[in-house]
Amino acid sequence: MSSDSKSLVPARAKGAAVSEHASEDEGLKIRLEKKIRLKVDLRLCTIAGLLCSLNLLDSGIISSASVTSMLKDLGLDQGNRYSVSILIFTAASVCFQLPATLAVRILGPRIFFAIITFGFGLITLCTAFIHSWKQMIVMRVLLGIFMSGIYPGLALLISSWYRREELQLRFAFLQCGEVIVFASGGIVNFGLNNLDGRGGLKGWQWMYIVQGLMACIIGIATYWWIVDFPENAQWSHHFLDEGETKMAVARIQQDRGDVVPTPFSWPEVLKHFLDLKVYGFAATFFLLNLVSTALSYFLPIILKNGMGFSTNKAILLSAPPYYYAVIPVLISSRIGDKYRLRGAVISFNSLCLIAGFGMLGFSDQVTVRYIGTYLATGAYISNWAALNSYQANNITGQWKRAVTAAAVTACNGLGGVAGSFIVRQNEAPRYFTAIWVSMGYTLPDFLSGMEG
């Protein structure tokens, strides 16, 4: 063997050793990232699912109570008072959306979410003791104010902790927690309605008392349970150590480069309203919530007046479609993240939504109509996760993401305002206005998905 060949042997051996060492370092980094993601999933996605469920807890209580004596007891059965009570909640929430979202960044998630969750629970509890529709309007305004920061604040916090290709599944976790709590709330409301007359209280009053008290307890636990933003992870209670915090910050910085926000100023915040993408994403959420409100607030009424079920059966049967929704939201989100698909998933879900409303509106069989509620519910909940990850993937910068989250949630709320008026009692059992509007307004989401 020549001297040149002999000299190559140690060099090759050294190169192999360096390559092996680099491979070990990369493997260690991957394992550490998985460990950090798991910790964040267990601490953030769990409590976020509970807090986000408060968005649906309110609609679950009032929709279940709407088929009891509550409407008559409070005078909400006159004219459009029930629809107005839903509208006024949304209007109050929309007005406080932007300042509430900015407050998450300024006060920190632990303080902010603990205060608004406890406040929401206290107001819900007090609603059990009102005596008129005017008092209900006041309570709905207060509930809207306290609820205004929950959804956009959680969307901002979750998008701060994960890389873009990880987001849809995490939003799906959030949505699963939300719909499971909401569906269970329907079963709980069924049981609580059977307490009608106990302690001199109506069944609907027990719904507000029990679930308001539960929300207060969750609010107290939130202070220790929820985590701060990545750069302030050390302020969270028993969460990441110093090395894990640095790794969490580094992985997000590498993905988006916006971990640490620029100093707050109103010009810095408001300039982002000049970006047309913000309005495009806001419009898609307006259309989605118009459809979801028609189902979430009015499903028990549709089941009772549209399909002929009794009061208790209508409350009970409104729960299973939400349990079913966990399946499509997890499957579609896993596919979306794994293959980095957003538009195709949104379009597929939109087609399922149109099919579900078609079954609900145009079939003569109650079974087919009820199955249609499954398809429609699973589709709009799946699209909620898909659209959230779609906008989060295309928006960078802490304040811009805060503005987008607020704008999206505000228009989401305005969609709820529109949705509260498309289910008309005099159109039972078909509710054609709600059916046609929901199907027609789903088409833009389908088309936006095709473009994405």
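Quick caveat, the model's predicted, so the values are computed rather than measured. (Residues numbered from 1 in each chain as written. Predicted model: local features only at pLDDT ≥ 70, side-chain atom pairs only at ≥ 80, totals over all residues. Heavy atoms only, no water.)

Engineer: What should I look at first to understand the overall build of the protein chain in this one?
Structural biologist: Within the protein chain one finds 19 helices and zero strands. What you see for the protein chain is a C-alpha radius of gyration of 24 Å, in line with the 22 Å of a compact globule of 452 residues. On the principal axes, the C-alpha backbone points of the protein chain span a range of 100 × 45 × 45 Å. Here the protein chain, with 452 residues, has 57% of them falling under the buried criterion. Of the contacts formed within the protein chain by residues at least 6 apart in sequence, a portion of 84% connects residues at least 24 apart. Accessible surface for the protein chain amounts to roughly 18,600 Å². Of this, 66% is attributable to carbon and sulfur atoms. (Helix = DSSP H or I, 4+ residues; strand = E, 2+ residues; numbered from the N terminus. Rg over C-alpha atoms; globule rule 2.2 N^0.38 Å. Buried < 20%, exposed > 50% of the residue type's maximum accessible area, 1.4 Å probe, protein only. Contact = heavy atoms within 4.5 Å. Areas by Shrake-Rupley, 256 points an atom, 1.4 Å probe, with all protein chains shown as cover.)

Engineer: Can you walk me through the packing of helix α5 (residues 109–127) against helix α9 (residues 203–225) in this structure?
Structural biologist: What describes two packed helices is the angle between their axes and the distance between those same axes. Contact geometry of α5 with α9 gives a least axis separation of 7 Å together with a crossing angle of 165°. The angle between the axes of α5 and α9 places the two elements in the roughly antiparallel class. For α5 against α9, the interelement crossing comes out left-handed. Residues Arg110, Ile111, Phe113, Ala114, Thr117, Phe118, Phe120, Gly121, Leu122, Thr124, Leu125 and Thr127 of α5 pack against Trp204, Tyr208, Ile209, Gly212, Ala215, Cys216, Ile218, Gly219, Ile220, Thr222, Tyr223 and Trp224 of α9. By residue class, the composition of the contact of α5 with α9 is 16 nonpolar, seven polar and one charged. (Axes fitted to C-alpha atoms, helices over the stretch in contact; angles between N-to-C directions. Parallel < 35°, antiparallel > 145°, perpendicular 65-115°, else oblique. Left-handed = near helix turned anticlockwise from the far one by under 90°. Nonpolar A, V, L, I, M, F, W, Y, C, P; charged D, E, K, R; others polar.)

Engineer: Looking at this structure, how should I read the nonpolar core?
Structural biologist: Most often, soluble globular proteins keep nonpolar side chains buried together rather than apart. Met70, Phe113, Trp161, Phe171 and Phe357 are the most contacted members of the largest nonpolar core, which totals 121 residues. Residue contributions to this core peak at 14 residues, all from helix α1 (residues 3–65). (Core = buried A, V, L, I, M, F, W, Y, C linked by side-chain atoms within 4.5 Å.)

Engineer: What should I look at first to understand the environment of Ile422 in this one?
Structural biologist: Looking at the secondary structure, you find Ile422 in the loop between α18 (398–419) and α19 (432–451). A relative accessible area of 9% means that Ile422 is categorised as buried. When the C-alpha positions of Ile422 and Asn80 are compared, they lie 12 Å apart, and in sequence the two are 342 residues distant. Setting aside its immediate chain neighbours within four residues, Ile422 contacts Leu290, Ala294, Thr433, Ala434, Val437 and Ser438.

Engineer: Would you take a moment to explain the pattern of salt bridges for this structure?
Structural biologist: Pairs may arise between side chains of opposite charge once their charged atoms sit close together. The tally for this structure, following the rule as stated, stands at 15 salt bridges. Linking Glu244 and Lys39 is a salt bridge whose minimum nitrogen-to-oxygen distance equals 3.0 Å. One end of the pair, Glu244, is in helix α10 (residues 242–255); the other, Lys39, is in helix α1, with 205 residues separating them in the sequence. Judged by its relative accessible area of 3%, Glu244 is buried. Between Asp73 and Lys202 there is a salt bridge whose closest N-O contact spans 3.1 Å. Here Asp73, found in helix α2 (residues 70–74), pairs with Lys202, found in the loop between α8 (167–193) and α9; they are 129 residues apart in sequence, far enough to count as distant. Take Asp73: its relative accessible area is 29%, and that puts it in the partly exposed class. The exposure class assigned to Lys202 is partly exposed, which follows from its relative accessible area of 33%. Each of Glu33, Arg37, Glu166 and Arg251 takes part in a single network of salt bridges with overlapping partners. (Salt bridge = Lys/Arg side-chain N within 4 Å of Asp/Glu carboxyl O.)

Engineer: What am I meant to see in the confidence of the model for the protein chain here?
Structural biologist: Regions with low pLDDT should not have their predicted coordinates read in detail. On average, residues of the protein chain score 83 in pLDDT, and 90% of them are at 70 or above. Looking at the elements of the protein chain, mean pLDDT is at its lowest for α19, recorded as 68, and at its highest for α5, recorded as 95. (pLDDT = per-residue confidence, 0-100.)

Engineer: Explain helix α7 (residues 150–161) to me, please; I cannot follow it from the model alone.
Structural biologist: It helps to recall that an α-helix has 3.6 residues per turn; residues three or four apart then point in one direction. For α7, which comprises 12 residues, the first-to-last C-alpha distance of 17 Å matches the rise-based estimate of 16 Å (1.5 Å per residue) to within 8%. Across the 12 residues that make up α7, a large majority, 12, are buried. Looking only at α7, the buried set comprises Ile150, Tyr151, Pro152, Gly153, Leu154, Ala155, Leu156, Leu157, Ile158, Ser159, Ser160 and Trp161. (Expected span 1.5 Å × (residues − 1).)

Engineer: When you look at the packing of aromatic side chains in this model, what are you seeing that I'm missing?
Structural biologist: To describe a pair of aromatic rings, you give the distance between the ring centres and the angle between the ring planes. The final tally for this structure, using the stated rule, is 10 aromatic pairs. Pairing Tyr223 with Trp224 gives two aromatic rings, centres 5.1 Å apart and planes at 85°, and the pair type is edge-to-face. Summarising the aromatic geometry, the rings of Phe281 and Tyr390 are spaced 5.6 Å apart at their centres and angled 85° between planes, so their arrangement reads as edge-to-face. One end of the pair, Phe281, is in helix α12 (residues 276–296); the other, Tyr390, is in helix α17 (residues 366–393), with 109 residues separating them in the sequence. Tyr390 carries the same exposure label as Phe281, and that label is buried. Among the aromatic side chains, those forming a connected cluster through ring pairs are Tyr151, Phe171 and Trp384. (Phe/Tyr/Trp six-rings, centres within 6.5 Å; stacked < 30°, edge-to-face > 60°.)

Engineer: Help me understand the environment of Phe229, please; the structure alone is not making it clear to me.
Structural biologist: Following the sequence through the fold, Phe229 ends up in the loop between α9 and α10. Phe229 sits in the buried class, given a relative accessible area of 1%. Along the primary structure Phe229 and Phe113 are separated by 116 residues, whereas in three dimensions their C-alpha atoms are 13 Å apart. In contact with Phe229, not counting residues within four places along its chain, are Val104, Arg105, Pro109, Leu156, Leu157, Ser160 and Trp161.

Engineer: I keep staring at unusual backbone geometry and nothing clicks. Help me out?
Structural biologist: Glycine aside, a negative phi is what most residues show, and trans is what most peptide bonds show. For His238, which is not a glycine, the phi torsion comes out positive at approximately 50°. Locating His238 in the fold gives a position in the loop between α9 and α10. According to the relative accessible area criterion, His238 is exposed, its value standing at 69%. Residues other than glycine seldom take positive phi values, yet Arg340 does so here, at roughly 55°. Relative to the assigned elements, Arg340 resides in the loop between α15 (320–338) and α16 (343–362).

Engineer: Looking at this model, I keep getting lost on the side chain of Thr222. Mind explaining?
Structural biologist: With respect to the helices and strands, the residue Thr222 is situated in helix α9. Judged by relative accessible area, Thr222 falls into the buried class, the value being 0%. Contact partners of Thr222, with chain neighbours within four places excluded, come to Ile47, Leu51, Phe113 and Ala114.

Engineer: Looking at this model, I keep getting lost on a nonpolar patch on the surface. Mind explaining?
Structural biologist: Together, Ile106, Leu107, Ile111, Ile115, Phe118, Leu122, Ile220, Tyr223, Trp224, Phe264, Trp266 and Leu270 make up an exposed nonpolar region whose accessible area comes to about 1,100 Å². For the nonpolar patch, the secondary-structure elements that each account for two or more residues are α4 (97–107), α5, α9 and α11 (266–270). Residue contributions to the nonpolar patch peak at four residues, all from α5. Locating Ile115 in the fold gives a position in helix α5. (Patch = residues over 30% accessible without salt bridge, like charges linked within 9 Å, V, L, I, M, F, W, Y side chains within 5 Å.)

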